[in-house]
Amino acid sequence: MVGWTLNNDWSEQLDFVFKQDYYQHLLDFLEYESTHNKIIYPPKEQIFAAFELSSFENTKVVILGQDPYHNEGQAQGLSFSVPKGVTIPPSLRNIFRELEMDLNIKPSLSGDLTHWGNQGVLLLNSVLTVEKNSPGSHAKSGWVDFTDTVIDILNQQKQNLVFLLWGAYAQQKSELIDQEKHLVLMAAHPSPFSAHKGFFGCRHFSKANAYLQSTKQTTINWEL
């Protein structure tokens, strides 16, 4: 399988990654899956959507998810986001609920978070692909090495980023981040199973904007 070309400054940042052996193995894995009648989400042209929306230079907030939605029509290459017209998943409904409690923003009728990405919110899943109806199926394919490198690049090359780490899996990534240089906000996952254990009331959206303002950066308009 031919690799992807990123049409912004991420291409330069990730050029050395695209030359790594593990990345070629990842491409070979995806090629094998696709030629053996496996349905992979998101569609190939959307796998790097998070990077296309939020260039390296513009990225100022990172919202880390785990892997893409595995049901048909949901995944679009952005963590927690679904295309317009698709039923809003429970975790995203809870994100909207927290937004309303935090910033009095009424819940959106659409689960498409593209507007956040366009403002420099990198909606990054740790694993960028998944097999249909098989959550976690690509967890060991090489994507975690790739996205850990992305976090490391952001950590080293940028200053005053905000990382929103929701749930135990995402919080493990805090070890990759210099918290003297960046703001790391951690809370329970917004899933219905855990949102009441610390996600609701975390006020991460207002805290992120307060930090951006204090570091003389443009705040995020969280309203969709």
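Structure first, text after, so check above.
The structure reproduced in this document is the subject of the present report. The model shown is predicted, which means the values in this text are computed figures rather than measured ones.

**Digging into the pairing of strand E3 (residues 121–125)**
The two faces of the sheet receive side chains in turn, since in a regular strand these alternate between them.
Stage number 1. For E3, the buried fraction is high: five of the five residues fall into the buried class.
Stage number 2. By the bridge criterion, five bridges tie strand E2 (residues 61–65) to E3 in an arrangement that is parallel. Across the sheet, the residue bridging to Leu-64 is Leu-124, located in E3.

**Considering the nonpolar core**
A general trend in soluble globular proteins is that nonpolar side chains are found buried together.
Stage number 1. Counting 65 residues, the largest nonpolar core has Leu-14, Phe-48, Phe-51, Ile-63, Trp-116, Phe-146 and Trp-222 as the members making the most contacts within it.
Stage number 2. Contact partners of Phe-146, with chain neighbours within four places excluded, come to Leu-14, Val-17, Phe-18, Tyr-22, Tyr-23, Phe-48, Phe-51 and Leu-128.

**A short note on the sheet that holds strand E5 (residues 162–166)**
Stage number 1. The sheet built from four strands is open, its strands ordered E3-E2-E5-E6 with parallel pairing. With one partner strand each, in any of the chains shown, E3 and strand E6 (183–187) form the two edges of the open sheet. This sheet shows a mean twist of 20° between the axes of neighbouring strands, independent of strand direction.
Stage number 2. Summarising the sheet, E2 and E5 pair through four bridges and their orientation is parallel. Paired with Val-61 across the two strands is Val-162, which belongs to E5.
Stage number 3. Seen against the sheet, helix H8 (residues 204–214) touches E2, E5 and E6 and runs at an angle of roughly 175° to E6.

**Overview of the side chain of Lys-173**
Stage number 1. Mapped onto the secondary structure, Lys-173 falls in the loop between helix H7 (168–171) and E6.
Stage number 2. At 2.7 Å, the side chain of Lys-173 and the side chain of Asp-148 are in polar contact.
Stage number 3. Discounting residues that sit within four places of it in the chain, Lys-173 has contacts with Leu-64, Ser-126, Val-144, Asp-148, Ile-151 and Leu-165.

**Structural notes on the layout of surface pockets**
Stage number 1. Taken as a whole, the largest pocket encloses approximately 410 Å³ of empty space.
Stage number 2. Considering the residues around the largest pocket, the lining is formed by 22 residues, among which Asp-67, Tyr-69, Phe-80, Ser-91 and His-189 are closest to the centre.
Stage number 3. Looking at the lining of the largest pocket, the elements with two or more residues in it are E2, helix H4 (90–103) and H7.
Stage number 4. When the residues that make up the lining of the largest pocket are grouped by side-chain class, the tally is eleven nonpolar, ten polar and one charged.

**Comments concerning the pairing of E5**
Stage number 1. Across the five residues that make up E5, a large majority, five, are buried.
Stage number 2. In E5, alternate side chains face the same way, and those of Val-162, Leu-164 and Trp-166 on one face and Phe-163 and Leu-165 on the other are all buried.
Stage number 3. Of the strand pairs in this sheet, E5 and E6 are connected by five bridges, and their pairing is parallel. Residue pairing across strands places Val-162 opposite Leu-183, the latter belonging to E6.

**Brief notes about the packing of helix H1 (residues 10–18) against helix H6 (residues 143–157)**
Stage number 1. Running from amino to carboxyl end, H1 crosses H6 at an angle of 130°, the nearest separation of the two axes being 11 Å. As the angle between them shows, H1 and H6 are arranged oblique. The handedness of the crossing between H1 and H6 comes out as right-handed. Together, Trp-10, Gln-13, Leu-14, Phe-16, Val-17 and Phe-18 of H1 and Phe-146, Thr-149, Val-150, Ile-153, Leu-154 and Gln-157 of H6 make up the contact between the two elements.
Stage number 2. Taken together, the residues of the contact of H1 with H6 sort by class into nine nonpolar, three polar and no charged.

**Notes on the packing of aromatic side chains**
Stage number 1. By the definition in use, this model includes 18 aromatic pairs.
Stage number 2. Taking the centre distance of 6.0 Å and the plane angle of 65° together, the rings of Phe-48 and Trp-143 count as edge-to-face. Taken together, the positions of Phe-48 in the loop between strand E1 (40–41) and helix H3 (49–53) and Trp-143 in helix H6 put the pair 95 residues apart, joining distant regions of the chain.
Stage number 3. For Trp-143, a relative accessible area of 0% corresponds to the buried category.

**A word on H8**
Stage number 1. Where H8 is concerned, the buried positions are His-204, Phe-205, Ser-206, Ala-208, Asn-209, Tyr-211 and Leu-212.
Stage number 2. Tucked inside the fold, the buried residues of H8 contact E2, H4, helix H5 (114–118), E5 and E6.

Rules behind the numbers
Residues numbered from 1 in each chain as written. Predicted model: local features only at pLDDT ≥ 70, side-chain atom pairs only at ≥ 80, totals over all residues. Heavy atoms only, no water. Buried < 20%, exposed > 50% of the residue type's maximum accessible area, 1.4 Å probe, protein only. Helix = DSSP H or I, 4+ residues; strand = E, 2+ residues; numbered from the N terminus. Pairing = 2+ DSSP bridges. Core = buried A, V, L, I, M, F, W, Y, C linked by side-chain atoms within 4.5 Å. Contact = heavy atoms within 4.5 Å. Axes fitted to C-alpha atoms, helices over the stretch in contact; angles between N-to-C directions. Polar contact = N/O pair within 3.5 Å; in protein donor to acceptor, adjacent residues only side chain to side chain. 1 Å grid on protein atoms, 1.4 Å probe; cavity = no way out; pocket = protein on both sides within 12 Å on 5 of 7 lines; lining within 4 Å. Points joined across faces, edges and corners; volume = space filled by probe spheres on them. Nonpolar A, V, L, I, M, F, W, Y, C, P; charged D, E, K, R; others polar. Parallel < 35°, antiparallel > 145°, perpendicular 65-115°, else oblique. Left-handed = near helix turned anticlockwise from the far one by under 90°. Phe/Tyr/Trp six-rings, centres within 6.5 Å; stacked < 30°, edge-to-face > 60°.

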